[in-house]
Amino acid sequence: MTKSMSSNYPYNVINYPSIGADIETSKGGFIFNQLGIDNIELIAKYDTFKNMVEKMGLTIKLMPNNHKIHERIDYEMKQDSKKRLLSDKFMPIVEVIYLPKVGKSKPLYITVIRNIPTLFDVATHHKKAKDSYCLIIFAGLHQPSKKLSSEAMKIISKIIKRKAFTLKSVDLAIDTTDQRSITHNRKGAFKDNLMPYSKQGVISKGSSLYINDLEHPSISRVLYYDKYLKQLNQQKKEIITNDLREWKRLEITLTFDVTQKHNKGFTHYINDLNFVDDLYEVNDAARLAKVSNYSNDYLTYQLNSLLDNRFMNNHESKKQFNSVESLERFKQSDFRRYLLAI
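> Where do I start with the overall build of the protein chain in this structure?
What the protein chain contains, in helices and strands, is twelve helices and 15 strands. Buried positions account for 51% of the 342 residues belonging to the protein chain. Of the contacts formed within the protein chain by residues at least 6 apart in sequence, a portion of 73% connects residues at least 24 apart.

Written as structure tokens, this is what we have:
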């Protein structure tokens, strides 16, 4: 990694292979074949996080009991061999912070979870009370078919830049096209293609193929699913055009040790050489999954915007964070705070 100075801001140059071309969109103007960050998970002291968001004028509310996040918590409770949630009578608490939205933009929100085994482990490691920490989840950050509010992204930016908030995981997603349906019949070929990542097996569920329990230092999950069907089933009010029928998505989850001193949060990670290594691994997994013709332009746009909110101050970005116009304008700009050299 090399660094230089321009306009008093450092360039963080990553020598990464070129795998894309111009911005590709559907007839509806949705961005395709772009690598982007979809989910970010952080761990923080709950009181510190609560004070921060309340000073920003945000309100923390209880998450409705019917939200799908409760399924994840139930799974983690069952996987906890120590059964601490039962013996110690600690019950998980799930809260939500709704972020500002503009017009018909996608309603982004922050999920906050307390009293789960992962957080107990962190508290034990740091010799703190077991309810000291919380898991903070930012989801749906890479949604080419939905408008995202720049104001919401600015709030997320302020939170993820806190050095005291440890990075737990990052989901990187690529939207692509695939004429074939994703069914159980593709499970065998998917396993063969993804070796050695798939050595522990592949799970087929509905129109999704999962690889969990990877023997890998960073990648903890590979998911390939039918994004068109998911949008059609879950977003019934949204107009899904016929030209999106071949829409598939590859998601790769990177997971980090939240107890290590070198884990100093999201910004530190993306400025670190480990991020370079992980991008090569993502590229390798994507190539094996037959998803190879994609670009890093959107990822670069995301990282620059999250590090320096001035990238979201132009007219088009204020209307919609992830618009084609905003991405085109960004590509034509000479100013970069963060650069993926491809």
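Having seen it, we continue.
> Quick question: what am I supposed to make of the packing of aromatic side chains here?
How two aromatic rings sit relative to each other is set out by the distance from centre to centre and by the angle between their planes. Inspection of every chain in the model, using the stated rule, returns seven aromatic pairs. Measuring from ring centre to ring centre gives 5.8 Å for tyrosine 298 and tyrosine 301, while their planes differ by 55°; the resulting arrangement is tilted. Taken as a pair, tyrosine 298 and tyrosine 301 lie in helix α10 (residues 297-307) at a separation of three residues, close to a single helical turn. Take tyrosine 298: its relative accessible area is 1%, and that puts it in the buried class. Residue tyrosine 301 is classed as buried on the basis of its relative accessible area of 1%. Ring geometry for tyrosine 301 and phenylalanine 321: centres 4.9 Å apart, planes at 20°, overall stacked. With tyrosine 301 in helix α10 and phenylalanine 321 in the loop between α11 (315-319) and α12 (324-332), the pair connects residues that are 20 residues apart, well separated along the chain. Overall, phenylalanine 321 belongs to the buried group, its relative accessible area being 0%.

> Any chance you could explain the sheet that holds strand β5 (residues 35-45) here in plain terms?
Within a beta sheet, neighbouring strands are joined by backbone hydrogen bonds and run either parallel or antiparallel to one another. The strand order across the open sheet built from ten strands is β6-β7-β8-β9-β5-β10-β14-β13-β12-β11, with neighbouring strands paired in antiparallel fashion. The strands lining the two open edges of the sheet, one partner per strand, are β6 (61-62) and β11 (203-205). Pairing of strand β13 (residues 219-225) with strand β14 (residues 247-255), which is carried by six bridges, proceeds in the antiparallel orientation. Bridging from a neighbouring strand, arginine 221 pairs with threonine 253 of β14. Running at roughly 145° to β14, helix α9 (residues 273-288) makes contact with β5, β10 (166-177), β13 and β14 of the sheet.

> Where do I start with the packing of helix α5 (residues 150-160) against α10 in this structure?
For any two helices packed against each other, the geometry is given by the interaxial angle and the distance between the axes. Two elements in contact, α5 and α10, have axes whose closest approach is 8 Å; the angle formed by their N-to-C orientations is 75°. The angle between the axes of α5 and α10 places the two elements in the roughly perpendicular class. Where α5 abuts α10, its residues Met153, Ser157 and Ile160 lie against Ser305, Leu306 and Leu307. The class makeup of the residues in the contact of α5 with α10 is four nonpolar, two polar and no charged.

> Just to check I follow, could you spell out the environment of lysine 146 for this structure?
As for its placement among the helices and strands, lysine 146 is situated in the loop between β9 (133-138) and α5. Sequence-wise, lysine 146 and serine 323 are 177 residues apart; in three dimensions their C-alpha atoms are separated by 9.1 Å.

> Is there a simple way to explain the environment of alanine 285 in this structure?
Among the secondary structure elements, alanine 285 is positioned in helix α9. Linking alanine 285 and proline 196, residues 89 residues apart in sequence, is a C-alpha distance of 9.6 Å. Among all residues touching alanine 285, those that are not within four sequence positions of it are Leu194, Tyr197 and Ile252.

> Sorry, what's going on with the pattern of salt bridges here?
Where side chains of opposite charge bring their charged atoms close, a pairing between them can arise. Applying the stated criterion to the full structure yields 13 salt bridges. Among the ionic pairs, glutamate 151 bridges to lysine 154, the shortest N-O distance being 3.6 Å. Separated by three residues within a single helix, glutamate 151 and lysine 154 lie in helix α5, roughly one turn from each other. The class of lysine 154 is buried, set by a relative accessible area of 15%. One network of salt bridges, with partners in common, ties together Asp38, Asp171, Asp175, Arg221, Arg249 and Glu251.

What counts and what doesn't
- Residues numbered from 1 in each chain as written.
- Predicted model: local features only at pLDDT ≥ 70, side-chain atom pairs only at ≥ 80, totals over all residues.
- Heavy atoms only, no water.
- Helix = DSSP H or I, 4+ residues; strand = E, 2+ residues; numbered from the N terminus.
- Buried < 20%, exposed > 50% of the residue type's maximum accessible area, 1.4 Å probe, protein only.
- Contact = heavy atoms within 4.5 Å.
- Phe/Tyr/Trp six-rings, centres within 6.5 Å; stacked < 30°, edge-to-face > 60°.
- Pairing = 2+ DSSP bridges.
- Axes fitted to C-alpha atoms, helices over the stretch in contact; angles between N-to-C directions.
- Parallel < 35°, antiparallel > 145°, perpendicular 65-115°, else oblique.
- Nonpolar A, V, L, I, M, F, W, Y, C, P; charged D, E, K, R; others polar.
- Salt bridge = Lys/Arg side-chain N within 4 Å of Asp/Glu carboxyl O.

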